[in-house]
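This is what each chain is made of:
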Amino acid sequence: MRSEIEKSLHALGEKILGKEHQLKLALTCLLSNGHLLIEDLPGMGKTTLSHALSQVFGLQYSRIQFTSDLLPSDMLGVNIFHSGETNTDKQFSFRHGPIFSQVVLADELNRASPKTQSALLEAMEERQVSIDGTTHALPSPFFVIATQNPSSQSGTYPLPESQLDRFFMRISLGYPQWDAEKAMLKQKNSSTPLEQIIDETRLKSMQQEVNNIHASDALIHYILMLVNESRNNGAYPNPLSPRASRALLQGAKAWAFISNKTFATPEDVQAVFTAITAHRLSSSQHNEGATFGDNASSLVLSKQLLESVDPLAA
């Protein structure tokens, strides 16, 4: 299994150069059965990463370009009326929208209206959509990778806290290092699709094995101390919810799994802590006007919270 993980990370690294830590976080999110939010300027490789993940795992992929005039039905699907049918029971049929895929790229999510953004909530949380009173199950596995532009750019809407909380983690790829960008410019076959390394059945098996990674009471106490510090200290605009504490535990298990360990440690919690908590700790009003690379407020709050709790005290 370790070889499968290494091959997957190596393949992803051929597409996204010099971003090993971010790639490991993205893989952690997928193995945790969560959803990923990527915030960056255009052209940083967000779309490339999402497409590469779907190729490595052989998953069905779709892309939804979010714009100000995108309607919920454009994403979820719609009931179509067939006027020529003689059987009245068959006059309506459901036409699936692009959300019915295993890997869904919600590109520039914060350029859509709040009404369209909110249509994703049920899909992300319940893995289903409801159209005209009928519930339609989404494929499994179901992995949303959403990208958002910095809120300082024109034509963007802030994501509400309820939606941010649905994202398991948020990462930023950022500008590549000199050597990595030079290697990228010298690539001749950068558009070549990646070969499938892990199939859908194996991915589901890995997600189950992540659930079975051992977490001691001491580790759980450490996570509880972190989330309770955010609730008892007025320095944090949005204290961490139970969903966040569950994400920290699951993320630590997935990071330990990728590191070829059978149990999670405080170091595993620390490795995923900022990616899982930073977007949850700050309110949208607190972050209003933030620029690229400067989610300063949220990143500082997350690091401050992590440093305020001694894992040995658990």
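Residues numbered from 1 in each chain as written. Predicted model: local features only at pLDDT ≥ 70, side-chain atom pairs only at ≥ 80, totals over all residues. Heavy atoms only, no water.

Looking now at the overall build of the protein. Counting secondary structure elements, the protein contains 14 helices and nine strands. The C-alpha radius of gyration of the protein comes to 20 Å, within 12% of the 20 Å expected for a compact globule of 314 residues. A total of 314 residues make up the protein; the buried ones form 48% of that total. Contacts in the protein between residues at least 24 apart in sequence constitute 79% of all its contacts with a sequence separation of at least 6. Just so you have it, the protein exposes about 14800 Å², and 50% of that area is on carbon and sulfur atoms. Averaging the locations of the 26 positively and 32 negatively charged side chains of the protein gives two centres separated by 4 Å. (Helix = DSSP H or I, 4+ residues; strand = E, 2+ residues; numbered from the N terminus. Rg over C-alpha atoms; globule rule 2.2 N^0.38 Å. Buried < 20%, exposed > 50% of the residue type's maximum accessible area, 1.4 Å probe, protein only. Contact = heavy atoms within 4.5 Å. Areas by Shrake-Rupley, 256 points an atom, 1.4 Å probe, with all protein chains shown as cover. Lys, Arg positive; Asp, Glu negative; His and termini not counted. Charge placed at Lys NZ, Arg CZ, Asp CG, Glu CD.)

This part covers the packing of aromatic side chains. Going through the model one piece at a time under the given rule, you end up with one aromatic pair. Aromatic pair Phe94 and Phe100: ring centres 5.8 Å apart, planes at 70°, arrangement edge-to-face. Grouping residues by exposure puts Phe94 and Phe100 together as buried. (Phe/Tyr/Trp six-rings, centres within 6.5 Å; stacked < 30°, edge-to-face > 60°.)

Looking at where Lys46 falls in the secondary structure, it is placed in helix H3 (residues 46-56). This buried residue, Lys46, is left without a salt bridge; Asp40 holds the nearest opposite charge, at 5.7 Å. A polar contact of 2.9 Å, which involves the side chain of Lys46, links it to the backbone oxygen of Leu41. With near-sequence residues (within four places) excluded, Lys46 lies in contact with Ile38, Asp40, Leu41, Thr147 and Leu173. (Salt bridge = Lys/Arg side-chain N within 4 Å of Asp/Glu carboxyl O. Polar contact = N/O pair within 3.5 Å; in protein donor to acceptor, adjacent residues only side chain to side chain.)

Let us look at the pairing of strand E5 (residues 103-107). Counting buried positions along E5 yields five of five residues, so the element is predominantly enclosed. A two-sided burial pattern is seen for E5, the buried positions comprising Val103, Leu105 and Asp107 on one face and Val104 and Ala106 on the other. Bridge analysis of strand E2 (residues 61-65) against E5 gives five bridges, and the strand direction is parallel. Looking at E5, one finds that Ser62 is bridged to Val104. Sheet analysis places E5 next to strand E8 (residues 143-148), joined by four bridges and oriented parallel. Directly across from Ala106, in E8, lies its bridge partner Ala146. (Pairing = 2+ DSSP bridges.)

Further remarks concern the nonpolar core. Counting 61 residues, the largest nonpolar core has Leu31, Leu36, Phe57 and Met169 as its most contacted members. Examining the composition of this core, we find that nine residues originate from one element, helix H11 (residues 242-258), more than from any other. Not counting chain neighbours up to four residues away, the residues in contact with Leu36 comprise Ala26, Cys29, Phe143, Val144, Ile145, Ala146, Phe167, Met169 and Ile171. (Core = buried A, V, L, I, M, F, W, Y, C linked by side-chain atoms within 4.5 Å.)

Turning next to unusual backbone geometry. A cis geometry characterises the amide bond from Ser140 onward to Pro141, with omega recorded as -5°. Tracing the backbone through its elements, the reader meets Pro141 in the loop between strand E7 (134-137) and E8. One non-glycine residue with positive phi stands out, namely Glu108, at about 55°. Residue Glu108 is classed as buried on the basis of its relative accessible area, which comes to 19%.

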